[in-house]
Amino acid sequence: MRQRLMALLVLVPVAASAQQAGAPSTESVVVMSGEGVVRAVPDRAWITISAESRAPSPREAQRLNAEAMRPLQEKLRAAGIPTDAIRTIAYDVQYEWDFVNNKRVGRGYVARNTIDVRIDSVERVGEYLEIAAGSGATSLGGIRFDLKDQARLEREALRLAVVDARAKADAAAAGAGRSVDRILRIEEQGVTAPPMPVRLMREVAQSASADSTPPISVGQTEIRARVTVTAVLK
(Lines give C-alpha, C1' and ligand atoms only; values in the text may rest on other atoms or scores of the structure.)
Protein backbone atom coordinates (compact mmCIF):
# COMPACT_ATOMS: atom_id res chain seq x y z
CA MET A 1 0.00 0.00 0.00
CA ARG A 2 1.44 3.37 -1.01
CA GLN A 3 1.60 6.01 1.68
CA ARG A 4 1.64 9.71 0.96
CA LEU A 5 4.20 11.77 2.85
CA MET A 6 2.89 15.26 3.47
CA ALA A 7 5.14 18.04 4.69
CA LEU A 8 4.78 21.75 5.07
CA LEU A 9 7.82 23.72 3.86
CA VAL A 10 7.66 27.39 4.77
CA LEU A 11 9.88 30.39 5.26
CA VAL A 12 9.64 31.99 8.68
CA PRO A 13 11.52 34.98 10.16
CA VAL A 14 13.92 34.08 12.94
CA ALA A 15 15.99 36.21 15.26
CA ALA A 16 19.38 37.24 13.91
CA SER A 17 22.59 36.24 15.66
CA ALA A 18 24.28 38.54 18.12
CA GLN A 19 26.71 39.62 15.42
CA GLN A 20 23.83 40.58 13.14
CA ALA A 21 21.48 42.19 15.61
CA GLY A 22 18.77 44.12 13.91
CA ALA A 23 19.20 42.26 10.60
CA PRO A 24 16.27 39.83 10.36
CA SER A 25 16.63 36.75 8.17
CA THR A 26 14.44 33.89 7.01
CA GLU A 27 14.98 30.17 7.31
CA SER A 28 13.23 27.24 5.73
CA VAL A 29 11.37 24.96 8.09
CA VAL A 30 9.45 21.74 7.66
CA VAL A 31 6.49 20.88 9.89
CA MET A 32 5.71 17.19 10.32
CA SER A 33 3.37 15.16 12.51
CA GLY A 34 4.36 11.88 14.10
CA GLU A 35 2.64 9.08 15.97
CA GLY A 36 3.97 6.60 18.49
CA VAL A 37 2.16 3.42 19.49
CA VAL A 38 2.96 1.18 22.44
CA ARG A 39 1.11 -2.10 22.90
CA ALA A 40 0.90 -3.77 26.26
CA VAL A 41 -0.99 -6.52 28.05
CA PRO A 42 -2.99 -5.20 31.05
CA ASP A 43 -1.57 -6.31 34.38
CA ARG A 44 -4.22 -4.99 36.76
CA ALA A 45 -8.00 -5.28 36.99
CA TRP A 46 -11.00 -4.10 39.01
CA ILE A 47 -14.21 -6.02 39.58
CA THR A 48 -17.44 -4.66 41.04
CA ILE A 49 -19.34 -6.85 43.50
CA SER A 50 -22.74 -6.18 45.08
CA ALA A 51 -24.81 -7.76 47.82
CA GLU A 52 -28.52 -7.11 48.39
CA SER A 53 -30.62 -7.97 51.44
CA ARG A 54 -34.36 -7.51 52.02
CA ALA A 55 -36.32 -7.21 55.26
CA PRO A 56 -39.49 -5.59 56.64
CA SER A 57 -37.48 -2.86 58.43
CA PRO A 58 -34.45 -0.82 57.32
CA ARG A 59 -32.46 -1.84 60.38
CA GLU A 60 -33.02 -5.53 59.66
CA ALA A 61 -32.13 -5.06 55.99
CA GLN A 62 -28.86 -3.38 57.01
CA ARG A 63 -28.07 -6.14 59.49
CA LEU A 64 -28.64 -8.86 56.93
CA ASN A 65 -26.58 -6.99 54.38
CA ALA A 66 -23.66 -6.66 56.79
CA GLU A 67 -23.87 -10.39 57.48
CA ALA A 68 -23.75 -11.07 53.74
CA MET A 69 -20.91 -8.67 52.92
CA ARG A 70 -18.61 -9.46 55.86
CA PRO A 71 -17.76 -13.07 54.93
CA LEU A 72 -17.46 -12.10 51.27
CA GLN A 73 -14.74 -9.55 52.03
CA GLU A 74 -13.05 -11.90 54.49
CA LYS A 75 -12.79 -14.63 51.85
CA LEU A 76 -11.39 -12.18 49.30
CA ARG A 77 -8.73 -11.06 51.77
CA ALA A 78 -7.93 -14.66 52.68
CA ALA A 79 -7.42 -15.34 48.96
CA GLY A 80 -4.79 -12.61 48.71
CA ILE A 81 -6.67 -9.33 48.15
CA PRO A 82 -5.10 -6.64 50.40
CA THR A 83 -7.40 -4.60 52.61
CA ASP A 84 -6.60 -1.34 50.80
CA ALA A 85 -7.66 -2.93 47.48
CA ILE A 86 -11.31 -3.17 48.61
CA ARG A 87 -13.40 -0.02 48.79
CA THR A 88 -17.11 0.70 49.08
CA ILE A 89 -18.39 2.68 46.10
CA ALA A 90 -22.15 2.59 46.83
CA TYR A 91 -24.41 1.87 49.78
CA ASP A 92 -28.13 2.57 50.04
CA VAL A 93 -31.30 1.45 51.79
CA GLN A 94 -34.59 1.90 49.97
CA TYR A 95 -38.20 0.87 50.27
CA GLU A 96 -39.43 -1.22 47.34
CA TRP A 97 -42.88 -1.30 45.81
CA ASP A 98 -44.78 -3.64 43.52
CA PHE A 99 -47.88 -2.88 41.43
CA VAL A 100 -50.64 -5.45 41.88
CA ASN A 101 -54.00 -4.88 40.14
CA ASN A 102 -52.96 -1.29 39.48
CA LYS A 103 -52.26 -0.75 43.15
CA ARG A 104 -48.93 -0.04 44.72
CA VAL A 105 -48.01 -2.69 47.28
CA GLY A 106 -44.99 -2.38 49.51
CA ARG A 107 -42.36 -5.14 49.42
CA GLY A 108 -40.20 -3.97 52.31
CA TYR A 109 -36.71 -2.52 52.51
CA VAL A 110 -33.68 -3.48 50.46
CA ALA A 111 -30.10 -2.68 51.46
CA ARG A 112 -27.42 -2.68 48.76
CA ASN A 113 -23.68 -2.59 49.28
CA THR A 114 -21.34 -2.37 46.28
CA ILE A 115 -17.56 -2.71 46.52
CA ASP A 116 -14.78 -2.18 43.99
CA VAL A 117 -11.97 -4.73 44.23
CA ARG A 118 -8.50 -4.16 42.76
CA ILE A 119 -6.76 -7.27 41.47
CA ASP A 120 -3.03 -7.00 40.89
CA SER A 121 -2.74 -10.47 39.33
CA VAL A 122 -5.03 -10.44 36.32
CA GLU A 123 -4.67 -14.19 35.80
CA ARG A 124 -6.69 -14.65 39.01
CA VAL A 125 -9.69 -12.53 37.99
CA GLY A 126 -11.85 -15.57 37.25
CA GLU A 127 -10.88 -17.11 40.58
CA TYR A 128 -11.96 -14.02 42.51
CA LEU A 129 -15.25 -13.86 40.61
CA GLU A 130 -15.87 -17.48 41.62
CA ILE A 131 -15.11 -16.69 45.26
CA ALA A 132 -17.49 -13.72 45.23
CA ALA A 133 -20.27 -15.71 43.57
CA GLY A 134 -20.07 -18.37 46.26
CA SER A 135 -19.70 -16.02 49.24
CA GLY A 136 -22.85 -13.92 49.36
CA ALA A 137 -22.64 -11.69 46.29
CA THR A 138 -25.92 -11.15 44.48
CA SER A 139 -24.41 -9.54 41.37
CA LEU A 140 -21.01 -9.19 39.72
CA GLY A 141 -20.46 -5.99 37.77
CA GLY A 142 -18.12 -4.94 34.98
CA ILE A 143 -14.45 -5.83 34.90
CA ARG A 144 -11.99 -3.05 34.08
CA PHE A 145 -8.40 -3.68 33.02
CA ASP A 146 -5.53 -1.26 33.51
CA LEU A 147 -1.73 -0.92 33.38
CA LYS A 148 0.30 -0.49 36.54
CA ASP A 149 3.07 1.45 34.79
CA GLN A 150 0.95 3.43 32.36
CA ALA A 151 2.91 6.68 32.84
CA ARG A 152 6.14 5.04 31.63
CA LEU A 153 4.38 3.56 28.60
CA GLU A 154 2.88 6.95 27.74
CA ARG A 155 6.35 8.51 27.81
CA GLU A 156 7.63 5.75 25.52
CA ALA A 157 4.77 6.38 23.08
CA LEU A 158 5.61 10.09 23.14
CA ARG A 159 9.29 9.34 22.42
CA LEU A 160 8.33 7.14 19.47
CA ALA A 161 6.05 9.88 18.14
CA VAL A 162 8.94 12.36 18.11
CA VAL A 163 11.20 9.79 16.42
CA ASP A 164 8.50 9.23 13.79
CA ALA A 165 8.07 12.96 13.14
CA ARG A 166 11.85 13.49 12.93
CA ALA A 167 12.21 10.65 10.43
CA LYS A 168 9.49 12.18 8.28
CA ALA A 169 11.18 15.57 8.48
CA ASP A 170 14.48 14.00 7.37
CA ALA A 171 12.73 12.29 4.45
CA ALA A 172 10.94 15.46 3.38
CA ALA A 173 14.14 17.51 3.60
CA ALA A 174 16.07 14.94 1.56
CA GLY A 175 13.37 15.01 -1.10
CA ALA A 176 13.92 18.74 -1.41
CA GLY A 177 17.70 18.37 -1.57
CA ARG A 178 18.08 19.71 1.95
CA SER A 179 18.77 18.32 5.42
CA VAL A 180 17.52 19.02 8.92
CA ASP A 181 19.67 21.53 10.77
CA ARG A 182 17.90 21.56 14.12
CA ILE A 183 14.52 21.01 15.76
CA LEU A 184 12.83 24.34 16.39
CA ARG A 185 9.69 23.20 18.20
CA ILE A 186 7.92 20.05 19.40
CA GLU A 187 4.21 20.24 20.19
CA GLU A 188 2.37 17.40 21.87
CA GLN A 189 -1.02 16.70 20.31
CA GLY A 190 -2.18 14.25 22.94
CA VAL A 191 -1.63 10.82 24.46
CA THR A 192 -4.57 8.43 24.50
CA ALA A 193 -5.08 5.12 26.24
CA PRO A 194 -8.55 3.71 25.57
CA PRO A 195 -10.49 2.34 28.55
CA MET A 196 -10.55 -1.44 28.84
CA PRO A 197 -13.91 -2.41 30.27
CA VAL A 198 -15.33 -5.91 29.99
CA ARG A 199 -19.09 -5.96 30.19
CA LEU A 200 -19.99 -8.61 32.75
CA MET A 201 -23.31 -8.41 34.52
CA ARG A 202 -24.05 -11.61 36.35
CA GLU A 203 -26.87 -12.11 38.81
CA VAL A 204 -25.99 -14.65 41.48
CA ALA A 205 -28.52 -16.43 43.66
CA GLN A 206 -27.49 -16.10 47.29
CA SER A 207 -27.85 -19.80 47.91
CA ALA A 208 -25.85 -20.78 44.83
CA SER A 209 -22.13 -21.25 44.51
CA ALA A 210 -20.09 -20.89 41.35
CA ASP A 211 -19.57 -24.25 39.66
CA SER A 212 -16.69 -23.18 37.46
CA THR A 213 -14.19 -20.39 37.11
CA PRO A 214 -15.36 -18.03 34.34
CA PRO A 215 -12.80 -17.66 31.52
CA ILE A 216 -11.50 -14.09 31.28
CA SER A 217 -9.40 -12.94 28.32
CA VAL A 218 -7.21 -9.92 29.09
CA GLY A 219 -6.22 -9.10 25.50
CA GLN A 220 -3.99 -6.18 24.61
CA THR A 221 -4.28 -2.40 24.73
CA GLU A 222 -2.66 0.43 22.78
CA ILE A 223 -1.31 3.74 23.98
CA ARG A 224 -1.00 6.35 21.22
CA ALA A 225 0.86 9.65 21.28
CA ARG A 226 0.85 12.34 18.60
CA VAL A 227 3.24 15.26 18.17
CA THR A 228 4.05 17.99 15.66
CA VAL A 229 7.71 18.77 15.03
CA THR A 230 8.99 21.95 13.40
CA ALA A 231 12.51 21.53 12.01
CA VAL A 232 14.85 24.13 10.50
CA LEU A 233 16.46 23.07 7.23
CA LYS A 234 19.93 23.75 5.92
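A quick note: this is a predicted structure, and the numbers were derived from the prediction, not measured.

Positioned with a positive phi, N101 is a non-glycine residue whose angle comes to about 55°. Structurally, the position occupied by N101 is in the loop between β4 (86-100) and β5 (103-119). In this structure N101 comes out as exposed when scored by relative accessible area, which is 69%. With a phi angle near 65°, N102 is a residue other than glycine that sits in the positive phi range. Of note, N102 is situated in the loop between β4 and β5. Look at N102 and you get exposed, because its relative accessible area is 79%.

Of all residues in the protein chain, 81% attain a pLDDT of 70 or more, and the chain-wide mean is 85. Contacts from residues 11-24, a stretch scored under 50 in pLDDT, to residues over four places away or in other chains number 11 contacts. Low pLDDT (under 50) marks residues 205-210, which in the prediction has 11 contacts with non-local residues, meaning those over four places away or in another chain.

Before going further, it helps to spend a moment on helix α1 (residues 58-78). Spanning 21 residues, α1 covers 30 Å between terminal C-alpha atoms, matching the ideal 30 Å at 1.5 Å per step. Considered for burial, the residues of α1 that qualify are A61, N65, A68, M69, L72, Q73 and L76. Projection of α1 onto a plane perpendicular to its axis shows the buried side chains occupying an angular sector of 130°, all on one side. Of the exposed residues in α1, those oriented more than 90 degrees away from the buried face are R59 and A78. Looking at the buried positions of α1, the neighbouring elements they touch are β3 (44-55), β4, β5 and α2 (125-133).

Cut-offs and rules
- Residues numbered from 1 in each chain as written.
- Predicted model: local features only at pLDDT ≥ 70, side-chain atom pairs only at ≥ 80, totals over all residues.
- Heavy atoms only, no water.
- Helix = DSSP H or I, 4+ residues; strand = E, 2+ residues; numbered from the N terminus.
- Buried < 20%, exposed > 50% of the residue type's maximum accessible area, 1.4 Å probe, protein only.
- pLDDT = per-residue confidence, 0-100.
- Contact = heavy atoms within 4.5 Å.
- Expected span 1.5 Å × (residues − 1).
- Arc of directions from axis to C-beta.

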